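# A structural walkthrough
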Amino acid sequence: MSRFDEDDAFEGAAAAVPQSLSQRAMAGAAGARGTAYLDDLNPAQREAAEALDGPLLMLAGAGTGKTKTLMARIANLVASGRARPNEILAVTFTNKAAREMRERLAKQPFHLLEPLRWMGTFHSISVKILRRHAELASLKSSFTILDTDDQIRLMKQVINAANIDEKRWPARQLAGIIDGWKNRALTPGNVPNAEAAAFGNRGTELYAAYQDRLRSLNAVDFGDLLLHVVTIFQAHPDVLAQYQRWLRYILVDEYQDTNVAQYLWLRLLAQGHKNICCVGDDDQSIYGWRGAEVGNILRFEKDFPGAKVIRLEQNYRSTPHILAAASSVIAQNAGRLGKTLWTEEQAGEKVRLIGHWDGEEEARWIGEEAEALQRGGRRMRAVSLNGQAILVRGSSQMRAFEDRFLTIGLPYRVVGGPRFYERAEIRNAMAYFRLAVSPEDDLAFERIVNTPKRGLGDKAQQVIQMTARADGTSLLEGARYAVAAGKLGGKGAAELRRFVENVDRWHKAIAAASPATARSPAEDDDELIELEVASVPPAHDHSHVRLAEEILEDSGYIAMWQNDKTPEAAGRLENLKELVKALEQFDNLQGFLEHVALILDNSSEEESEKITIMTLHAAKGLEFPVVFLPGWEDGLFPSQRSMDESGQKGLEEERRLAYVGITRAEELCTISFAGNRQVYGRWQSQMPSRFIDELPEADVEVLTPPGLYGGGYGAAAGFGSSSGGSSVEARAAKADVYNSPGWRRLQDRAGNRPVSQPKESRHTVIDLDAVSAFDVGDRVFHQKFGYGHVQEIEGDKLAVAFATGVKKIVAGFVVAASEADDVPF
DNA sequence: GCTGTACAAATTTTT
DNA sequence: TTTGTACAGC
């Protein structure tokens, strides 16, 4: 079940015993016993926890105890009397991070008499600010927050309204462009001329139209939350000054992930007192594609002259081999601030590297390896499945593992995928709630008028739209009028009438349950504080939960899923139950909706033993004793698309992703690649990732699969095999692979690859003619396709005529065969 | 207005 | 290969 911690943070004071202002002020500084919280910090951590005033950049490498340091810093801020807890602004990126911080804070030996009320994500804090000053952005403070889905639908409307062919110019693309602009804090008027050509020269025009639509719907999207706040701060110095006075110390986590809008947001708030502490790791910036600017962290010292920079480099997570591997890879990136992770640990397994025949084989091997590790008996201790993770580049890679694990019955858990609140059934249910709370919510209306089917198709909906537009009212009113005026015929009319009546009834029930709680904007700090304390008293009857159930029943929405015979229906009903249960944590439907757009997640805590499968992105901030990193193949990882779209920059971000992946491992890290892989249903031969070439030989152990499944393809897939013969696998298994022709060929390829060359390869490039040991006409054997003859040679790629046809194959995946080698299949 | 078929597209993801 | 969307036919 979800816990709504953000809510606690912001409104939690409501539950506290009201205190007078002076009491609160004193309470703030109390509660920390001495400076015990500093005692178990290492020197760098301690320095960071004690440099309280002025700008500080804390470069915290993976696993260096950053959160612990932040906790001590907060304690120190309060204990030294510099700030009361509610004068500290602590910003994180994700709700998860905010939650974790709050939990960690609760566990500290000291305790604060007040909660950190300004701890949360950029977005949730922005909502809080924006609700208070909505009118300055031409909004009502009851504005709704659109999710991506609503956003796209709205954009479709805007595109259609502008008479643009939606097929040539898809709404998704426009959404991406506008999002990009918002990330850079660009309003329609500010978009640089050079970019106005976007979207068939009409990008800015549509952007403006979209913003107008949002305003008329009294709605904002995620990007707006930040953009509006920045705009308000810029246009109203008095408002800004108020927050500057109030939020005296700023802490920012994951600073490397901030985008321009967030950067401006922070700079505006910090520019008075400059008490800003940014924590981050430039080597872990992996969200550039979403607007994050590594540049923000790289130029921190310029932005804040006199800034102190402290590096946390002692790692408490991983073994030396793992750290060495990660460091060696990341060292290939240019423009780093530079850190060297070190550890006092001594022992440990080397990073393991293994090649496989294809993706299926890779999954099979990892499955078996996971089971073996679970049993123990390797060179290391037994590791439960919960301590093991498979980190992939893209979610498409997950399938192979799921398939395999299902067949062998290895329990697994997939992290990521559609979030709870993104599921259709949840969104529809929420749309019902939204409409019940605010009948003028047109987007919600559109979403559900015909869900379940009420016989209201495009035509009927057009009539409703036109009626509403003619009267300048909401769609619900338009529908009411259209029915009354007999503009709709037959079954639809009756159904629509019922629908409208239902909404009326629900809305009345809500209005009756909660008398309007008018909030007036406060003019100064004191009033602001009072206002925070005096929010809605908790109502402990659960009438809103019953009402929600009623809504879902009356609307026929529950029935719709009950009648659904598809296998997913049961799960969807489960989810709806879960949603209703989540309501219990709120005092009313309004409160739920207000926060749900930002908060709801499905991080259900699972007890049972399972291996985790997730993307590298999702793994940031986590750690596991055992980590598998499959699919290290050029084009897949680094992703071709990243390199095509962002060139060198893209490649460096991919490399940071590799760094993040390796540093998730505490004890054992296994990197693997496959020689063949099905991509969108087509078989492709793959080349080992260039990142593999960047691993340090001394810290890597090259494995060969134990000769099961009929052959030593493992050796063939990565290393050697250009020398033919049936004993290839045996020799490759024993040989010092780093001196094998195959390995050297790998090194060599690194030099020939497009996009980038490692700056300072420690490996010597040699032996060009090892690239292909084949000639046209040679007979070769391929694990999958059998015997064939080489027809063409193109660098390291061969065109081979097999019985089944001509295939392009990387030379490393065939072995030379003599005509006599033939065996019956 | 609904349902079945054809076709194109296809990372990473938070809020 | 799979998934989602667009359009034609019922």
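Remember, predicted model here, so these are calculated numbers, not experimental data. (Residues numbered from 1 in each chain as written. Chains lettered and ligands numbered in written order. Predicted model: local features only at pLDDT ≥ 70, side-chain atom pairs only at ≥ 80, totals over all residues. Heavy atoms only, no water.)

### Focus on the protein's contact with DNA strand B
What surrounds DNA strand B is a group of 31 residues, the closest being Ser395, Arg419, Thr615, Ser639 and Ser642. At the protein interface, 48% of the atoms of DNA strand B within 4 Å belong to sugar or phosphate. Between a base oxygen of DNA strand B and a side-chain N or O atom of arginine 393, the distance comes to 2.8 Å. One of the side-chain N or O atoms of serine 395 is found 2.2 Å from a phosphate oxygen in DNA strand B. Residue assignment for the surface near DNA strand B shows that the elements contributing at least two residues are helix 20 (458–471) and helix 29 (640–663). Residue contributions to the surface near DNA strand B peak at four residues, all from helix 29. Class assignment of the residues belonging to the surface near DNA strand B gives a composition of eight nonpolar, 14 polar and nine charged. (Near = heavy atom within 4 Å. Polar contact = N/O pair within 3.5 Å; in protein donor to acceptor, adjacent residues only side chain to side chain. Helix = DSSP H or I, 4+ residues; strand = E, 2+ residues; numbered from the N terminus. Nonpolar A, V, L, I, M, F, W, Y, C, P; charged D, E, K, R; others polar.)

### So, the domain arrangement of chain A
What the domain assignment reports for chain A is domain 1 (35–138 + 224–314), domain 2 (144–217), domain 3 (351–419 + 603–702), domain 4 (421–513 + 543–585) and domain 5 (769–824). Using C-alpha coordinates to define each centre, domain 1 is positioned 32 Å away from domain 3. Between domain 1 and domain 3, the contact holds 16 residues from the first and twelve residues from the second. Summed over both sides, the interface between domain 1 and domain 3 buries roughly 1,100 Å², with carbon and sulfur atoms accounting for 50% of that surface. (Domains from an automatic or database assignment. Contact = heavy atoms within 4.5 Å. Buried area = accessible area lost by both parts, 1.4 Å probe.)

### Overview of the packing of helix 15 (residues 320–330) against helix 29
One way to put it is that helix 15 packs onto helix 29 with a least axis distance of 9 Å and a crossing angle of 175°. Between helix 15 and helix 29, the angle falls in the class roughly antiparallel. Taken together, the residues of helix 29 that come into contact with helix 15 (itself represented by Ile322, Ala325, Ala326, Val329 and Ile330) are Arg655, Arg656, Ala658, Tyr659, Ile662 and Thr663. Residues belonging to the contact of helix 15 with helix 29 are distributed by class as follows: eight nonpolar, one polar and two charged. (Axes fitted to C-alpha atoms, helices over the stretch in contact; angles between N-to-C directions. Parallel < 35°, antiparallel > 145°, perpendicular 65-115°, else oblique.)

### Here we look at the protein's contact with DNA strand C
Taken together, the neighbourhood of DNA strand C is formed by Lys167, Arg399, Tyr680 and Gly681. Backbone sugar and phosphate groups make up 50% of those atoms of DNA strand C lying within 4 Å of the protein. Tyrosine 680 is positioned with one of its backbone polar atoms (N or O) 3.3 Å from a base nitrogen of DNA strand C. Of the residues that constitute the surface near DNA strand C, the class distribution is one nonpolar, one polar and two charged.

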